[in-house]
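A look at the structure
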Amino acid sequence: MKKIITLLLLLSISFNISKAQILNDTNVRHQIQLGLEKMYSYDFKESTEIFQKIRTRYPSHPVSYTLMALQTELQYFPLKDYPAQQKVYLNYLIQSRNLAEAMLDKEEDDIEANFFELATLGYIAAYDADNQEFMKAVGVAKKAYSYLKKGLEWTEKQPEFLFSSGIYNYYRVEYPETHALIKPFMFFFADGNKKLGLQQLDLATRKTIFVKNEATFYAGYVYMKYEGTPTKALHYNTMLIEKFPDNLLYQMQRAEILTALNKFEEADDYVAKLQKQKGIMFQCAASIFKGIQLERQHKDDQAEAYLIKGVKMPYDERFTKDYHALAYLSLAKIERRKGNQDKAKEYVKKCLKIAEYKSTTAEAKVFLK
């Protein structure tokens, strides 16, 4: 139960803004949109200037602090590799939450204040989880659940809630299907609907401003990880890449999707971009994708070197854990071709231990038969 509470909240994090001051101010709304576009394009100087102007205009509103927290996480991604910036990030979140709670003290059902309380608690929970502080993350996530439930009721009032509602509706059904151990605890949570969740995610990619990029990324993520339809995932990723070609997270997702579709020549362009990055997470992804490509072309010696290099690097729980599983499955195929059945089974077991992609686990189980 603890794990699912944390997961649902972490995956429901987005930048939703409702009524009250911000959406009533057309100029500030435009500035927020422009600032987010600059931020996702890695133009942090410009986005910082825009966010500071918003803070000057609304010094008692949490919006600018939430924006700066988002920017800090993106600018120093993955944040856990930058201890000094972790403190900056947490400070922004604490300031945002304090201001949101001040708004809630005045009006308990203030939609905008409820969102910022949810967002802040969710980001703190994600931070704790990324730093292996799971009990702390669960404690924070429990506090946020009541705000998440309110958000489910406010989709009609504010389209920006389509993203959080879509994620919740989908994962409320999907996660216990994938993780049988948590099924007995699911009666604590409001019912979900996978079909509705997918519809809400798609609507969020078209009808929102503030959560558009997050919704588009996770639509692709869900279609890859659980629906097993990389063609649909590519559709959503293309929307991101065309607008933000330098965004590393979107590049990594594209390299994965193109590799899954066996479009190796196209994938190589993105793998090469990832290989140039200093971050271990991107190096890990690039090495594994290259290894998978070579394994599928039966270039086993070259593939093995890339794959082993990849799995020796630590994975990121949220983004690259399943890449390791894919690597182990490819290594198993190489060993089987060599006639090393015991070694092949050993790799498959390692794959199943960490895999969450439905297509990966299904293929691995067939491999063991």
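Definitions and cut-offs
- Residues numbered from 1 in each chain as written.
- Predicted model: local features only at pLDDT ≥ 70, side-chain atom pairs only at ≥ 80, totals over all residues.
- Heavy atoms only, no water.
- Core = buried A, V, L, I, M, F, W, Y, C linked by side-chain atoms within 4.5 Å.
- Buried < 20%, exposed > 50% of the residue type's maximum accessible area, 1.4 Å probe, protein only.
- Helix = DSSP H or I, 4+ residues; strand = E, 2+ residues; numbered from the N terminus.
- Contact = heavy atoms within 4.5 Å.
- 1 Å grid on protein atoms, 1.4 Å probe; cavity = no way out; pocket = protein on both sides within 12 Å on 5 of 7 lines; lining within 4 Å.
- Points joined across faces, edges and corners; volume = space filled by probe spheres on them.
- Nonpolar A, V, L, I, M, F, W, Y, C, P; charged D, E, K, R; others polar.
- Salt bridge = Lys/Arg side-chain N within 4 Å of Asp/Glu carboxyl O.
- Axes fitted to C-alpha atoms, helices over the stretch in contact; angles between N-to-C directions.
- Parallel < 35°, antiparallel > 145°, perpendicular 65-115°, else oblique.
- Left-handed = near helix turned anticlockwise from the far one by under 90°.

Concerning the nonpolar core
- The biggest cluster of nonpolar side chains holds 118 residues, and the ones touching the most others in it are Ile32 and Met252.
- Element by element, the count of residues in this core is highest for helix 7 (residues 111-130), at 11 residues.
- The residues touching Met252, leaving out its near neighbours within four places in the chain, are Leu274, Met281, Phe282, Ala285, Phe289, Phe319, Thr320 and Tyr323.

Topic: the layout of surface pockets
- Within this model, the largest pocket holds a volume of roughly 640 Å³.
- Looking at the largest pocket, it is lined by 32 residues, and the ones nearest its centre are Glu73, Leu74, Phe77, Leu249 and Phe319.
- For the lining of the largest pocket, the class distribution of residues is 22 nonpolar, 5 polar and 5 charged.

Quick word on the pattern of salt bridges
- Enumeration according to the criterion identifies 22 salt bridges in this entry.
- The partner of Arg172 in a salt bridge is Asp191, and the shortest N-O contact between them spans 4.0 Å. Here Arg172, found in helix 9 (residues 162-178), pairs with Asp191, found in the loop between helix 9 and helix 10 (194-207); they are 19 residues apart in sequence, far enough to count as distant.
- Residue classification places Asp191 among the exposed residues on the basis of a relative accessible area of 66%.

What to know about empty space enclosed by the protein
- Summed over all chains, the structure comprises 3 cavities of 30 Å³ or more.
- Estimates place the volume of the largest cavity at around 130 Å³.
- In terms of lining residues, the largest cavity is bounded by 15 residues, among which Glu73, Leu79, Lys80, Asp130 and Arg318 are the most central.
- For the lining of the largest cavity, the elements supplying multiple residues, two or more each, are helix 6 (83-106) and helix 7.
- Take the lining of the largest cavity: its biggest share by element is 4 residues, from helix 7.
- Counted as a void, the second largest cavity has a volume near 100 Å³.
- Lining the second largest cavity we find Gln33, Leu36, Glu37, Tyr40, Ile209, Phe210, Lys212, Asn213, Lys243 and Phe244.

Considering the packing of helix 11 (residues 212-225) against helix 13 (residues 248-260)
- As a packed pair, helix 11 and helix 13 sit with axes 11 Å apart at the nearest point and diverge in direction by 25°. The orientation of helix 11 with respect to helix 13, classified from their angle, is roughly parallel. Read as a crossing pair, helix 11 and helix 13 show a hand that is left-handed. Taken together, the residues of helix 13 that come into contact with helix 11 (itself represented by Asn213, Phe217, Gly220, Tyr221 and Met224) are Leu249, Tyr250, Gln253, Glu256, Ile257 and Ala260.

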